[in-house]
Amino acid sequence: MAILPILYWPDARLSIRASAVEGITPAIHRLAEEMLETMYAAPGRGLAAPQVGVLQRLFVMDVGWKTGRPEPMVCINPEILWRSAVVATGDEGCLSIPGPITPIARPQAIQMAWTRLDGVRMERRLSGFAAICAQHEYDHLEGIVTLDRLAPLARAQALSQFGAVAA
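Basis of the calculations
- Residues numbered from 1 in each chain as written.
- Predicted model: local features only at pLDDT ≥ 70, side-chain atom pairs only at ≥ 80, totals over all residues.
- Heavy atoms only, no water.
- Helix = DSSP H or I, 4+ residues; strand = E, 2+ residues; numbered from the N terminus.
- Rg over C-alpha atoms; globule rule 2.2 N^0.38 Å.
- Buried < 20%, exposed > 50% of the residue type's maximum accessible area, 1.4 Å probe, protein only.
- Pairing = 2+ DSSP bridges.
- Axes fitted to C-alpha atoms, helices over the stretch in contact; angles between N-to-C directions.
- Contact = heavy atoms within 4.5 Å.
- 1 Å grid on protein atoms, 1.4 Å probe; cavity = no way out; pocket = protein on both sides within 12 Å on 5 of 7 lines; lining within 4 Å.
- Points joined across faces, edges and corners; volume = space filled by probe spheres on them.
- Expected span 1.5 Å × (residues − 1).
- Phe/Tyr/Trp six-rings, centres within 6.5 Å; stacked < 30°, edge-to-face > 60°.
- Lys NZ or Arg CZ within 6 Å of the ring centre and 35° of its normal.
- Salt bridge = Lys/Arg side-chain N within 4 Å of Asp/Glu carboxyl O.

Caption draft 1: The arrangement of the overall build of the protein in detail. Scanning the protein from terminus to terminus reveals three helices and seven strands. Reading the secondary structure of the protein in the N-to-C direction produces α-β-β-β-β-β-β-β-α-α. Rg of the C-alpha trace for the protein: 15 Å, near the compact-globule value of 15 Å for 167 residues, within the 12% margin. With respect to the three principal axes, the spread of C-alpha positions in the protein is 45 × 35 × 35 Å. Going through the 167 residues of the protein one by one, you find that 46% of them count as buried.

This is the structure in structure tokens:
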């Protein structure tokens, strides 16, 4: 397999809504495996296909691997079916925006459906960090990055941190 190059903001592809995956082909299997390898090498806990230049609705995540409990997930054509009314603000980083850690408000729990690599359709309630990670990656499929969720002053502060890292 290979480590894929990660796109960095403001690459225009990060602002495009991804298209549905039309079939679970050997190319999709290879993409998912390479995305997991790339995510672990980065090291991150989630990675969406648009972040590696593939504008398809697929993301990978593993919220437990950094604490010794690997739980890799490949989510093809995910849908968020429900969001809790309880919202929490937490710090988020993004592999496509290295540097700034930004406070993002998100529902603390979601109900998500997706297709696995074996073609099985799943539905699960995610809470805590898993819900936050899934929503972050889902945003990438919608063409949304964390900067888009910030108020103007917070965005300016984040961009100043990004500029320092990018320079």
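Caption draft 2: Spotlight on the sheet that holds strand β6 (residues 109-115). The strand order across the open sheet formed by five strands is β1-β2-β3-β6-β7, and the pairing between neighbours is antiparallel. At either end of the open sheet lies a strand with only one pairing partner, and these are β1 (46-48) and β7 (121-127). If you compare each strand with its neighbour and ignore which way they point, the axes differ by 40° on average. The pairing of β1 with strand β2 (residues 58-61) spans three bridges and is classified as antiparallel. In the strand pairing of β2, alanine 48 is matched with phenylalanine 59. Lying over the sheet, helix α1 (residues 26-41) contacts β1, β2 and β3 (73-83), oriented at roughly 40° with respect to β2. The sheet contacts of helix α2 (residues 128-141) involve β1, β2, β3, β6 and β7, and relative to β2 the element is tilted by about 150°.

Caption draft 3: Representation of the layout of surface pockets within the structure. Approximately 370 Å³ is the volume attributed to the largest pocket. If you go around the largest pocket, you meet 21 residues; those closest to its centre are Gly44, Arg45, Gly93, Cys94 and Phe129. Listed by contribution, the elements that provide at least two residues to the lining of the largest pocket are β4 (87-94), β5 (97-107) and α2.

Caption draft 4: Geometry of α2. Taking 1.5 Å of rise per residue, 14 residues should cover 20 Å, and α2 covers 21 Å from first to last C-alpha, within 8% of that figure. Where burial is concerned, most of α2 is hidden: twelve out of the 14 residues are buried. For α2, the complete set of buried residues consists of Ala130, Ala131, Ile132, Cys133, Ala134, Gln135, His136, Glu137, Tyr138, Asp139, His140 and Leu141. At the C-terminal side of α2, glycine 143 shows a positive phi close to 80°.

Caption draft 5: Inspection of the pairing of β4 at higher detail. Relative to β5, β4 is paired through seven bridges, and the arrangement is antiparallel. From the neighbouring strand, aspartate 91 faces β5, where its bridge partner is proline 103.

Caption draft 6: Seen up close, the packing of aromatic side chains. Taken as a whole and assessed by the stated rule, the structure comprises one aromatic pair. Centre to centre, the rings of tyrosine 40 and tryptophan 65 are 5.0 Å apart; their planes meet at 80°, and the pair counts as edge-to-face. Of this pair, tyrosine 40 sits in helix α1 while tryptophan 65 sits in the loop between β2 and β3, placing them 25 residues apart in sequence. Looking at arginine 125, its charged tip hangs above the ring of tryptophan 82, at a distance of 4.2 Å from the centre.

Caption draft 7: Focus on the pattern of salt bridges. For the structure on display, the rule yields ten salt bridges. Between glutamate 142 and arginine 17 there is a salt bridge, with its nearest N and O atoms 3.2 Å apart. Here arginine 17 lies in the segment before α1 and glutamate 142 lies in the loop between α2 and α3 (152-166), a separation of 125 residues in the sequence. You can call glutamate 142 partly exposed: its relative accessible area is 24%. Arginine 155 is the salt-bridge partner of aspartate 148, the closest N and O atoms lying 3.5 Å from each other. Taking the relative accessible area as the measure of exposure, arginine 155 reaches 26% and is therefore partly exposed. Where salt bridges share partners, they join Glu92, Arg106, Asp139 and Arg149 into one cluster.

Geometry only, nothing functional implied.
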